[in-house]
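Spelled out, the chains give:
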Amino acid sequence: MRIQKEIQRLSQQLENYNYQYYVLDEPSVPDAEYDYIFQQLLILEKENPTLLSANSPTQKVGGLALSKFEQVTHQKPMLSLDNVFEAQALKDFMLRAEDKSDSHNITFCIEPKLDGLAVSIIYKEGLLIQAATRGDGKTGENVTENVKTIKNLPLKLRGENIPPLLEVRGEVFMLKAGFDKLNKKLNDAGEKPFVNPRNAAAGSLRQLDSKIAASRPLAFYCYAVGVFEGELTNSQFERINQLKAWGLPVSDEVKQLTGEQACLDYYQAIEKKRPDLAYEIDGVVYKVDNITLQDKLGFVARAPRWATAYKFPAEEAVTTVENVEFQVGRTGAITPVAKLKPVFVGGVTVSNATLHNKDEIKRLGILIGDVVIVRRAGDVIPQVARVLVEKRESQKTEKIIFPVVCPVCASALERIEGEATIRCTGGLYCGAQRKEAIKHFSSRKALDIDGLGNKLVELLVDHKLIDSPAHLFDLTATQLSSLPRMGEVSAKKLLNSLQMSKKTTLARFLYSLGIREVGEATANNLANHYKTIDALKGASIENLQSVSDVGEIVAKHIYYFFRQTHNIDVLNQLLEAGIHWPEIIQLAVSDLPLTGQIFVITGSFNVMARSDIKSALQDLGAKVAGSVSKKTTTVIAGEAAGSKLTKAQDLGIEIMDEDALLILLNKK
Ligand code: IVH
């Protein structure tokens, strides 16, 4: 008796927490506390199997695996809804309802049209005893075991005046976030992902093993009462509220509204909100709120006269891929774009869909000529959702060939390891990247060209006055004053600031080149480390990584930037145009302690890294060469030094070991 009471108390507590969490959306205890009580209950039930109730909160984990689903006959048929696709058709529906029922200003219960599948759930004396799919409307499948595992669905109703019999109808669906997670899991496990949340919900509900269903992020919202015994209010909206009070989950978006305008406004508002909702909806359901009026209006065929669905424009459509083009973005990213046979989807005609990158092409397994499903969700650019392989006619299809050079400027392409994007390396030269490159070049932290804003850069490029940053310095007053809204005075001012901007610092200049991932700080480090643009230009990928903050990826960006003839051309043009920086470095070099000396480093070292030795010597004005010649002043020989050391000995060149080097560096 005492144990039975304790089991009841714990169950009640968990039911309250579930209700607060799933129905009220107000979690009241930390997860850890919930888990603790859940464990307590589990233990008691295990020790006392006779006291285990089928509706205990612990029974939501699944267990039973069926060999097939039983058929269930619905006591009241589960109907479907008529659809409308435009405002006028909705107004017609509303007018017809008023007409047929001889009433004015009908109040409607307005609900989101949830994109899942309809389910009927029967509660007897407040306990969930059966759940069935809609099936053909007359008979469905008994999915009780699976439905019982749905997290936000109570196995037991709560609150006052619970009817002896209550059938609730509603939609089983999958939250968008849960869907993404599930698909990722399936993908990682090498299994086929679901096409959309509705398919995922349907597939999960049809699992014969309820443990699998339990592992799927399913959810349920009620939208109607089926058969019931007892008293219920006469308003659909109030019924929904009543269901909520009995602990059943309902959507927060359900509203009771009167008048054409209010009804249309709701549609507009929820369409806007749609991308932010946690679940997929595919329209709005308008129901005559008064149940007596509903009964009076009745049905035509299999749909009620008192309700209709105002659907959002279809978001998916079938079309053919006619070609694939490759676009170069402002930052050089190459994006494959499918050219489609124009198709009306999501309210607009679509003739392009992004294929994102090479990996996505592979994932989709798409060919030119394929029949595909295009999808347009919210503001998102149209995507190819999947290929209808069964519709493929092999003689009409063609492999998609990714370009090997930039389709705009023919520069080499690069793909950084671990990144999906393939990019053009033409930075300063590439027509697609030109405007952005010039804007960046003249921006405040770069050359800081006063009076050369983004708008003006676009104008200059569009008028074909410049096509690289170097051309800025060739601009004439006549050219500038020919531009719209550019007077003589502003032209002069701009020429003056262009002139002024030529005197800069090496760090700013490096930053202005717009090398990928070389921001202000990295540019500074590079300038301090290499001191001259030639030294930087000549640095290897390995050597670049000895600069602080420069990892392999950045090093590669820098290295490949200086391996592009186009970039070198622009760079030289800029220097020829007179860009310069205080030659502190060059001037100072002649005064440095090791100026004029040529060092060669060979062997391995214990204290200093070879790259550090090199830069330390360079900092002191020395040149560091790769091979020993008569000109070599000193050879720094570490352990296991080989032929270079022998040659130095032969030539009688000064040889220093690491200790001697450290003393030298210290002294200097
Ligand atoms: S009421 C007689 N309300 O839409 C009216 N259905 O096209 C029966 N649906 O099978 C349905 N959200 O799966 C109703 N708020 C909502 C709904 C809704 C989604 C689905 C349901 C139904 C289908 C009819």
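For the structure itself, look to the data block above.
Residues numbered from 1 in each chain as written. Predicted model: local features only at pLDDT ≥ 70, side-chain atom pairs only at ≥ 80, totals over all residues. Heavy atoms only, no water.

**Q** Would you mind showing me how to read the overall build of the protein chain here?
**A** A count of helices and strands for the protein chain gives 25 helices and 24 strands. Along the first, second and third principal axes, the C-alpha set of the protein chain runs to 110 × 70 × 55 Å. Each of the 668 residues in the protein chain was classed as buried or not, and the buried ones make up 46%. Pairs at least 24 apart in sequence give 66% of the contacts found in the protein chain among residues at least 6 apart. Carbon and sulfur atoms form 50% of the exposed surface of the protein chain, whose accessible area is close to 34,200 Å². (Helix = DSSP H or I, 4+ residues; strand = E, 2+ residues; numbered from the N terminus. Buried < 20%, exposed > 50% of the residue type's maximum accessible area, 1.4 Å probe, protein only. Contact = heavy atoms within 4.5 Å. Areas by Shrake-Rupley, 256 points an atom, 1.4 Å probe, with all protein chains shown as cover.)

**Q** Where do I start with the environment of Ser-604 in this structure?
**A** In this fold, Ser-604 is placed in the loop between strand S21 (598-602) and helix H23 (610-619). A residue is classified by how much of its surface remains accessible, and Ser-604, at 42% relative accessible area, is partly exposed. Remark: the alpha-carbon pair of Ser-604 and Ala-640, spanning 36 residues in sequence, is separated by 6.7 Å. Discounting residues that sit within four places of it in the chain, Ser-604 has contacts with Gly-638 and Glu-639.

**Q** Any chance you could explain the side chain of Ser-411 here in plain terms?
**A** Here Ser-411 lies in the loop between strand S18 (383-387) and strand S19 (413-414). On the basis of relative accessible area, Ser-411 is assigned to the buried category, the value being 1%. Beyond its immediate stretch of four places on either side in the chain, Ser-411 contacts Val-405, Cys-406, Cys-424, Thr-425, Gly-426, Tyr-429, Gln-564 and His-566.

**Q** Could you clarify how one ought to interpret the sheet that holds strand S13 (residues 307-311) in this entry?
**A** What links the strands of a sheet is backbone hydrogen bonding, and the strands pair in either a parallel or an antiparallel sense. As summarised here, the arrangement of the 5 strands in space is S2-S13-S10-S3-S9, forming an open sheet in which the pairing is mixed. The sheet is open, and its two borders are formed by strand S2 (82-84) and strand S9 (255-258), each paired with just one other strand. Averaged over neighbouring strand pairs, the angle between their axes works out to 35° when direction is ignored. With 4 bridges joining them, strand S3 (residues 107-114) and S9 adopt antiparallel strand pairing. Residue pairing across strands places Phe-108 opposite Leu-257, the latter belonging to S9. Sheet contacts for helix H8 (residues 236-245): S3, S9 and strand S10 (281-288); angle to S3, the most-contacted strand, approximately 55°. (Pairing = 2+ DSSP bridges. Axes fitted to C-alpha atoms, helices over the stretch in contact; angles between N-to-C directions.)

**Q** Sorry if this is basic, but what is going on with the packing of helix H12 (residues 434-442) against helix H13 (residues 454-462) here?
**A** Any two packed helices are characterised by the angle at which their axes cross and by the distance between the axes. Interaxial distance between H12 and H13 falls to 9 Å at its minimum, and their mutual angle equals 135°. With respect to H13, the element H12 is oriented oblique. In the packing of H12 onto H13, the handedness of the crossing is right-handed. On H13, the residues touching Arg-434, Lys-435, Ile-438, Lys-439 and Ser-442 of H12 are Asn-454, Val-457, Glu-458, Val-461 and Asp-462. Residue composition of the contact of H12 with H13, grouped by class: 3 nonpolar, 2 polar and 5 charged. (Parallel < 35°, antiparallel > 145°, perpendicular 65-115°, else oblique. Left-handed = near helix turned anticlockwise from the far one by under 90°. Nonpolar A, V, L, I, M, F, W, Y, C, P; charged D, E, K, R; others polar.)

**Q** Looking at this model, I keep getting lost on the pattern of salt bridges. Mind explaining?
**A** When charged atoms on two side chains of opposite charge get close, those side chains can pair. The full count for this structure, using the stated rule, is 22 salt bridges. Glu-15 serves as the salt-bridge partner of Lys-156, at 3.8 Å between the closest nitrogen and oxygen. On the criterion of sequence distance, the pair formed by Lys-156 in the loop between helix H4 (144-147) and strand S7 (165-174) and Glu-15 in helix H1 (residues 2-23) is long-range, its members being 141 residues apart. For Lys-156, a relative accessible area of 35% corresponds to the partly exposed category. Ionic pairing is found between Glu-436 and Lys-439, a salt bridge with its closest N-O pair at 3.2 Å. Here Glu-436 and its partner Lys-439 are both found in helix H12, 3 residues apart, which amounts to about one turn of the helix. Judged by relative accessible area, which is 12%, Lys-439 ranks as buried. If you follow the salt bridges from partner to partner, you end up with Arg-274, Glu-315, Glu-316 and Arg-375 in one network. (Salt bridge = Lys/Arg side-chain N within 4 Å of Asp/Glu carboxyl O.)

**Q** Explain the site of the ligand to me, please; I cannot follow it from the model alone.
**A** Near the ligand, the surroundings consist of 13 residues, among which Glu-111, Lys-113, Glu-171, Tyr-223 and Lys-287 are the closest. Side-chain polar atom of Lys-113 to an oxygen atom of the ligand: 3.0 Å apart, as the coordinates give it. Here Leu-114 contributes a backbone N or O atom positioned 3.0 Å from a nitrogen atom of the ligand. Summarising the interface, the protein chains cover 87% of the accessible area of the ligand, which totals 520 Å² for the free molecule. Elements with a contribution of two residues or more to the shell around the ligand: S3 and S10. At 4 residues, the largest contribution of residues to the shell around the ligand is made by S3. Considering only residue class, the shell around the ligand consists of 8 nonpolar, no polar and 5 charged. (Near = heavy atom within 4 Å. Polar contact = N/O pair within 3.5 Å; in protein donor to acceptor, adjacent residues only side chain to side chain.)

**Q** Sorry if this is basic, but what is going on with unusual backbone geometry here?
**A** When glycine is set aside, most residues are seen to have a negative phi, and most peptide bonds are trans. Unlike most non-glycine residues, Asn-105 shows phi in positive territory, near 50°. Within the secondary structure layout, Asn-105 lies in the loop between helix H3 (87-101) and S3. The phi dihedral of Asp-448 is positive, around 55°, even though this residue is not glycine. A relative accessible area of 37% places Asp-448 in the partly exposed class.

**Q** Would you mind showing me how to read the sheet that holds strand S22 (residues 623-625) here?
**A** Read across the sheet, 4 strands follow the order S22-S21-S23-S24 without closing on themselves; strand pairing throughout is parallel. The open sheet terminates on both sides in strands that have one partner only, identified here as S22 and strand S24 (654-656). Taken over all neighbouring pairs, the strand axes of this sheet differ in orientation by 30° on average, direction set aside. Bridging between strand S23 (residues 634-637) and S24 involves 3 bridges; their strand directions are parallel. Its bridge partner lying in S24, Val-635 is registered against Ile-655.

**Q** Just to check I follow, could you spell out the pairing of strand S14 (residues 316-328) for this structure?
**A** Regular strands have side chains that alternate between both faces of the sheet. In this structure, S14 lies alongside strand S17 (residues 371-375), joined through 5 bridges in antiparallel fashion. Paired with Glu-316 across the strands is Arg-375, a residue of S17. Sheet analysis places S14 next to strand S15 (residues 333-345), joined by 7 bridges and oriented antiparallel. If you follow Glu-325 over to S15, its bridge partner there is Val-337.

Function cannot be read off these values alone, since they describe shape.
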